[in-house]
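# Structure at a glance
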Amino acid sequence: MWPNRGIAWQVMRISLEPRVAPSRAMRWASPLVAVALTMLLGVVLFAALGKDPLAGLHAFFIAPIDSVNGVAELLIKASPLTIIAIGLAVGFRGNVWNIGAEGQLVVGAIAAGWVALQPALAESALTLPAMIVAGALGGMAWAAIPAWLRTRFNANEILVSLMLTYVAQLLLNYLVFGPWRDPQGFNAPQSPLFPEAAMLPILIEGTRLNASVLLTLTAVAVGWVFLSRSFPGYQTRVSGLSGAAARYAGFSERRTVWVGMLAGGAAAGLAGVGEAAGTLGQLLPSLSPGYGFIAIIVAFVGRLHPVGILFAGLLMSLLYLGGDSAQISMGLPAAAAALFQGALLFFLLGTDVLVNYRVRVRRSATTASAQGAA
Amino acid sequence: MDPRPQPRLELRAIRKAYPAVVANDGIDLDVLPGEIHALLGENGAGKSTLMKIVYGVVQPDSGELLWEGAPVRMASPAHARELGIGMVFQHFSLFETLTVAQNVALALPGKPSLDDVARRIEAIAQRYGMPVDPRAHVHSLSIGERQRVEILRCLLQDLKLLIMDEPTSVLTPQAATALFATLRQLAADGCSILYISHKLDEIKALCHRATVLRAGRVTGACDPRQESTAAMARMMIGRDLPTCQHASSSGEGEPRLEACGLSLARSEPFGTDLRDVSFTLRAGEILGIAGISGNGQQELLAALSGERTLADDAAIRLCGRPCGRAGAAARRRAGLCFVPEERLGRAAIPSMSLADNALLTAHREGMVVNGLLRSQVIDAFTRRCIDAFDVRCGGPAAEAKSLSGGNLQKFIMGREILQRPKVLIAAQPTWGVDVGSSVFIRQALIDLRNAGTAVLVVSEELEELFEICDRLVVIAKGRLSPVRAAAETNVEEIGTWMSGLWPDAADVAEPRDRVAGHAH
């Protein structure tokens, strides 16, 4: 920023200039453009690997969902991603960076599992509601630790929430290897199977699709109302956009942190209930294949908007299923799925930049000083 | 001046367009050697862009630049400096943790020895009557002294043209007078000066010629010594300068905002501690707080608004109730409204719509029921604000950042006033606002006072304070001067006080003189 130190050079300069009025239409279309570009990359990639590009795309994007069962699997995978991402979005909108949803999911599942394994509740109609409440509270309790440390000691919630993920995983391991191990489980590290009353009902016979997706749809609606139509949601958005404006208006920063962390914790805890009481029916060390982390990507791909997140969750889920399907049917390496996810994110961010900025290439003398910005 | 000497700088048909606006459109301008040439115009008239073109920061789209008769392409500020052009920006670019000599040495080519630089600084400083200690750290200098460092930095080169962008906006009247003496001396030595300002009195007192810009075009040229300020204002804004209507004070209202022995330590390294600040603001009056920025205004405003709370609850009383420990929300509930200096990012969120920005502080106007937003109420309030305060914008859905500074300020002022506050605090209410909007805003403050609100205005512009205030007080180094009725004081007295030198404040003055020329 030193003004009297301008160094001139003659170069070709590529610069990004902000567009005066970014096109609204392009803002909505850019995710589609990104998907199209990802597919184009797929075609090139398949061809380079010596596979039929069309067959590859089919294996990736069509085959996983060309049956009722396929669609059910898509929804089962999209559901936890979506619900967690919505909870996280409430925090992210307020600049509260909860990275520990994975741990909150695990603790939510443990809390729900504890309810499910109470002999007194084995036949009760209250079991499932109690599990849902316990799961949400468990996730919130785990998220409350970084929230409290942040508001009390200004500890960084990114680090604390992330590290608590490992604590949660070790807690789960301790329980399923120790006190909660299934006596009839041939020493496998797993809890006993939940009783029928503790299982989320199946929605479509013959598939694994269970009522956890209804929880997720409810979360989409609640998240939308909260972020777009409620005053606390507005306060959260203001805090995220400008801390000075929030202080000026008298909005509490502590409340933003608490609301953001607890929303993420509750959503992750509910996702944990969905896994334990939906698809698994017991507690396992490998409860979640990293949903809590992938949901962070889903939240941003969905632009921190509940409806966008719903689509992003479906898309991310499809990429997972497509990766598996392509591995099985075409012998593509497992890395291909990860590559597709990376490419999609890259193209999304790239198109976003181009919606808001335009590229200017010019040959001109320029200067290292920045005083023109004054 | 006949025969006309060769102009030092000549601009021919300069044009520069930005994506949304044509900043300069066919501008012709010439500056003679030894001439002080004023560039006069409102905010957004294109003055700054033109100067950046001359200084090589910005390249024109078309047009020609002649330097001492020869066409030249000003490739960069370094190139401009080689030719002998220096520029002092409105916002200084000095490293606060370095000494004056170190700051100046950084601007020089090669690696000059600091002792040598210090000697040269002292020699030039003496010649032009700008006392400054080369070994002092910049953070210990007053704003006026920092400006001298900026000018000295230009003068160490062989200077032929000095560009000054609104230099007096940060100075006391006395410091401005000292600066004028320096500039006259420089001009007498043959240096040309391009002087950017919208203050007509200054230009009349200082400049030999004036070129007037409006909306990117030259709308007039004159000899400011001959022309009346009213005539120059007409050239500048295209119509007669409107004035405020000010009725005499309605008498003694009840105390609405009181500070009693308010002290507060700075929150930033180069902030100012507030020391024993006391005042009483009454219903139906405008109390003005004058002072050079950086003398505790930010700290005082944060303490009064509740953005920073105090340990001592009784240090601030709002409508008779102690509220030192109350936060900003609680004080707003008690009837306090506040228009801060920073519009974007504090008073308004740049990327949010005007409707969402109305919600920021006016949410108590029935906009929220059971925690949910009532968009019709929000929309109606926003429209009312836009209409009543003449906000030029694309409607309630327009983003705050799409408004000009003046229009956004009218919107913010409207948002706060429409909440019918018991106390309104306004910081720099017309800073960076065009002349027409400034008059509108000042009139709105006067109307509010006439309606019985207690109004506190913190401003660096003395003319503004004298125009609207009933009583005046000065803040310097975190302390308040005695209060004076505006009718019983004058610019000279307040200007002296701005350097901390008021009658019963002998202990405040420190050895280092904080203002202009009378240090030794």
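## Considering the overall build of chain A
- Looking only at helices and strands, chain A features 13 helices and two strands.
- Reported as C-alpha extents along the three principal axes, the dimensions of chain A are approximately 80 × 60 × 35 Å.
- Each of the 374 residues in chain A was classed as buried or not, and the buried ones make up 48%.
- When contacts within chain A are restricted to residue pairs at least 6 apart in sequence, those whose partners lie at least 24 apart make up 78%.

## Quick word on the domain arrangement of chain A
All names here are of chain A.
- When its domains are assigned, chain A resolves into domain 1 (14-51 + 341-360) and domain 2 (78-331).
- Placing a centre on the C-alpha atoms of domain 1 and another on those of domain 2 gives a separation of 30 Å.
- Each partner contributes residues to the interface: domain 1 has five residues there, and domain 2 has four residues.
- Split into classes, the residues belonging to the side of domain 1 that touches domain 2 amount to three nonpolar, one polar and one charged.

## Remarks on the sheet that holds strand E1 (residues 9-17) of chain B
Residues and elements named next belong to chain B.
- Ordered in space as E2-E1-E4-E5, the four strands form an open sheet in which the pairing is antiparallel. The sheet terminates laterally at strand E2 (22-31) and strand E5 (70-71), the two strands that pair on one side only.
- Note: E1 against E2, seven bridges, orientation antiparallel. Within E2, the residue paired with Arg15 across the bridge is Asp25.
- Packed onto the sheet, helix H1 (residues 47-54) meets E1 and E2 and runs at close to 120° relative to E1.

## What to know about the confidence of the model for chain A
All names here are of chain A.
- Scored by pLDDT, chain A has a mean of 88; 93% of the residues are at 70 or more.
- Taken as a whole, residues 1-9 scores under 50 in pLDDT and shows 31 contacts with residues more than four places along the chain or in a different chain.
- Within the model, pLDDT remains below 50 along residues 365-374, and this stretch shows 32 contacts once partners closer than five positions in the same chain are excluded.

## Let's talk about the domain arrangement of chain B
All names here are of chain B.
- When the domains of chain B are assigned, the result is domain 1 (9-237), domain 2 (244-335 + 421-520) and domain 3 (347-418).
- Spacing between the C-alpha centres of domain 1 and domain 2 amounts to 32 Å.
- Per-element accounting of the side of domain 1 that touches domain 2 gives the leading share, five residues, to helix H6 (residues 173-188).
- When grouped by side-chain class, the residues that make up the side of domain 1 that touches domain 2 number seven nonpolar, nine polar and two charged.

## Observations regarding the confidence of the model for chain B
Residue and element names in this part refer to chain B.
- Confidence in the prediction for chain B averages 87 pLDDT; 94% of positions are at 70 or higher.
- Every residue in residues 506-520 is under pLDDT 50, and counting partners more than four places away or in other chains gives 26 contacts.
- Across the interfaces of the predicted complex, the ipTM metric reaches 0.81, alongside a pTM of 0.79.

## Some remarks on helix H13 (residues 335-356) of chain A
Residues and elements named next belong to chain A.
- Given a rise of 1.5 Å per residue, 22 residues ought to cover 32 Å, and the 32 Å separating the end C-alpha atoms of H13 matches this to within 8%.
- Taken together, the buried positions of H13 are Ala336, Ala337, Phe340, Leu344, Phe347, Leu348 and Thr351. In an axial view of H13, the angular spread of the buried residues amounts to 120°, which keeps them on one side of the axis.
- Along its buried surface, H13 packs onto helix H1 (24-48), helix H11 (291-301) and helix H12 (306-330).

## Let's talk about helix H6 (residues 157-177) of chain A
All names here are of chain A.
- Under the 1.5 Å per step criterion, the end-to-end length of H6 is 30 Å for 21 residues, consistent within 8% with the ideal 30 Å.
- All of the buried residues in H6 are Glu157, Val160, Ser161, Leu164, Thr165, Ala168, Leu172 and Val176. Looking straight down H6, one finds its buried side chains confined to an arc of 155°; they lie on one side. Across H6 from its buried face, at more than 90 degrees, point the exposed residues Tyr166 and Tyr174.
- Those residues of H6 hidden inside the fold are in contact with helix H4 (101-116), helix H5 (127-153) and helix H10 (253-280).

## Some thoughts on the packing of H4(A) against H5(A)
Residues and elements named next belong to chain A.
- For the pair H4 and H5, interaxial distance at closest approach is 7 Å and the crossing angle is 145°. The way H4 lies across H5 gives a crossing that is right-handed. Packed against H4, whose contacting residues are Gly103, Gln104, Leu105, Val107, Gly108, Ala109, Ile110, Ala111, Ala112, Trp114, Val115 and Ala116, the element H5 presents Thr127, Ala130, Met131, Ala134, Gly135, Ala136, Leu137, Gly138, Gly139, Ala141, Trp142 and Ala143 at the interface.
- Residue composition of the contact of H4 with H5, by class: 17 nonpolar, seven polar and no charged.

## Some thoughts on the pairing of strand E8 (residues 192-197) of chain B
All names here are of chain B.
- Taken across its six residues, E8 has six buried, putting it largely inside the fold.
- The sheet contact formed by strand E3 (residues 36-40) and E8 spans five bridges and is parallel. Considered in E8, the bridge of His37 is made with Leu194.

Reading guide: rules and limits
Residues numbered from 1 in each chain as written. Chains lettered and ligands numbered in written order. Predicted model: local features only at pLDDT ≥ 70, side-chain atom pairs only at ≥ 80, totals over all residues. Helix = DSSP H or I, 4+ residues; strand = E, 2+ residues; numbered from the N terminus. Buried ≥ 20, exposed ≤ 12 C-beta atoms within 10 Å, placed from the backbone. Contact = placed C-beta atoms within 7 Å. Domains from an automatic or database assignment. Nonpolar A, V, L, I, M, F, W, Y, C, P; charged D, E, K, R; others polar. Pairing = 2+ DSSP bridges. Axes fitted to C-alpha atoms, helices over the stretch in contact; angles between N-to-C directions. pLDDT = per-residue confidence, 0-100. Expected span 1.5 Å × (residues − 1). Arc of directions from axis to C-beta. Left-handed = near helix turned anticlockwise from the far one by under 90°.

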